[in-house]
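# Residue-level structure breakdown
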Amino acid sequence: MLRKFFALLVVAGLATSASAATVTLTLQNFADQTYTVTAESSAGDNGGIRSYVFGLDGYATLIHQAPRVGFALDSGSNEGPAGFTSLRSANNPVDKTIRAGQDLLTPHLITGFGQTDSSFAQQDLQPGSFGNPQTQLDWGVPLLLASGTWVANAEPSFLSTVVAGVNVIDPSSPSGSSPAEVRFVTIPVIPEPSTFALAGLALVGFIGYARRRK
């Protein structure tokens, strides 16, 4: 039910906004059978990432890494959650859908996610007041959303059957946010030079064997 509600938020934004913002989701797979999913938002046409949803397949484990604190106080003693706490999917989601958003009612709306390096402390939030759960208290660009491991010969990939969407902060919108154009980039594992050399030797050996057989 929560997933349907979150999807409706994204679809509703798509129907009412013409934001020029672009968010790039990048999946990078590494030779040690780990991966990361990061997000980077265009600058100058939005206030950073407000919410996201996307699908991922082929992983063995998935840790949802987007920044969050369950509770925080600012210098004015305003209290509430901060970061991506709303409708947040768990680690290793069964439905292979990763989603989260900044709380609609929190006084701690954070701008610049996916655009600038920052931390909760730099956002006028008092570190001593942070309540659990806490994830990625400092963040960079691109913004780390998820990481994990995968099984050999089965690199993770974005799941096209999940309706993906990213909303960005948009002060000109009545809702305060609008949908961005989402671009997907996958960086596969690049074999090391030694791998190519071994493959070349194997090919030469096979050709030599085939000639001797003749």
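Residues numbered from 1 in each chain as written. Predicted model: local features only at pLDDT ≥ 70, side-chain atom pairs only at ≥ 80, totals over all residues. Heavy atoms only, no water.

### Looking at the sheet that holds strand 4 (residues 59–64)
Spelled out, the test is: Pairing between strands is defined by DSSP: at least two bridges between the two strands are required. By the criteria applied, helices consist of DSSP H or I runs no shorter than four residues and strands consist of E runs no shorter than two, each listed in order from the N terminus. Angular values range over 0 to 180 degrees, each being the angle between N-to-C directions of two axes fitted as lines to C-alpha atoms, with helices fitted over their stretch in contact.
Pairing in this open sheet of 5 strands is mixed, and the strands run 4-11-2-1-15 from one edge to the other. One side of each edge strand has no neighbouring strand; the edge strands of this open sheet are strand 4 and strand 15 (181–187). On average, adjacent strands in this sheet sit at an angle of 20° to one another, irrespective of strand direction. Across 7 bridges, the pairing between strand 1 (residues 22–29) and strand 15 is parallel. Residue pairing across strands places Q28 opposite I187, the latter belonging to strand 15.

### Quick notes on unusual backbone geometry
Note on backbone geometry: most residues besides glycine have negative phi, and most peptide bonds are trans. P133 follows N132 through a cis peptide bond whose omega is 0°. Along the chain, V141 connects to P142 via a cis peptide bond; the corresponding omega equals 0°. Looking at the secondary structure, you find P142 in the loop between strand 10 (138–139) and strand 11 (143–150). Of note, the phi angle at N153 is positive, near 65°, even though the residue is not glycine. The topology assignment puts N153 in the loop between strand 11 and strand 12 (157–158).

### Concerning the pattern of salt bridges
A side chain with one charge may pair with a side chain of the opposite charge, provided their charged atoms come close. Under the convention used in this document: Salt bridges are counted wherever a side-chain nitrogen of Lys or Arg sits within 4 Å of a carboxyl oxygen of Asp or Glu. Using a 1.4 Å probe on the protein chains alone, a residue whose accessible area is under 20% of its type maximum counts as buried, one over 50% counts as exposed, and one in between counts as partly exposed.
Tallying each qualifying case throughout the model produces 3 salt bridges. For the salt bridge of K96 with D57, the shortest nitrogen-to-oxygen distance reads 2.7 Å. Here K96 is found in the loop between strand 6 (79–86) and strand 7 (97–102), whereas its partner D57 is found in strand 3 (residues 49–57), with 39 residues between them in sequence. Note that R183 is salt-bridged to E181, the shortest N-O span being 3.4 Å. Here R183 falls in the partly exposed class, since its relative accessible area comes to 44%.

### What to know about the nonpolar core
Our working rule: Side-chain atoms within 4.5 Å link the members of a nonpolar core, which is a set of buried Ala, Val, Leu, Ile, Met, Phe, Trp, Tyr and Cys residues. When checking whether two residues touch, look at their non-hydrogen atoms; a contact exists if any pair is within 4.5 Å.
Counting residues in each nonpolar core, the largest one holds 34 residues, and the members touching the most others are Y52 and L56. Those residues in contact with L56 that sit more than four places away from it in its chain are L27, Y35, V37, L62, K96, I98, S157, F158 and L159.

### With respect to the environment of S129
Inspection of the secondary structure puts S129 in the loop between strand 8 (118–119) and strand 9 (131–135). Judged by relative accessible area, which is 13%, S129 ranks as buried. Sequence-wise, S129 and D74 are 55 residues apart; in three dimensions their C-alpha atoms are separated by 8.7 Å. Ignoring sequence-local partners within four residues, the contact set of S129 consists of F71, A72 and L73.

### Let's talk about the side chain of R88
Test applied: Charge assignment: positive for Lys and Arg, negative for Asp and Glu; neither His nor the chain ends contribute. Within 3.5 Å is the distance limit for a polar contact, defined as a pair of N or O atoms, with the added protein rule that one can donate a hydrogen and the other accept it, and that residues adjacent in sequence qualify only through two side-chain atoms.
Relative to the assigned elements, R88 resides in the loop between strand 6 and strand 7. For the buried R88, no salt bridge is present, and the opposite-charge side chain at shortest range is D103, 12 Å distant. A polar side-chain atom of R88 sits 3.0 Å from the main-chain carbonyl oxygen of H64. Polar side-chain contacts of R88 include one of 2.8 Å to the backbone oxygen of F84. Not counting chain neighbours up to four residues away, the residues in contact with R88 comprise H64, Q65, A66, P67, R68, R99, A100 and T135.

### Let's talk about the pairing of strand 5 (residues 68–73)
Inspection of the sheet shows strand 5 paired to strand 6 by 4 bridges, in the antiparallel sense. Residue pairing for strand 6: R68 is matched across the bridge by G83. Between the antiparallel neighbours strand 5 and strand 6 lie 5 residues, among them S77 with a positive phi of about 65°. Of the pairings in the sheet, the one linking strand 5 to strand 9 comprises 3 bridges and is antiparallel in character. Bridge pairing in strand 9 links V69 to Q134.

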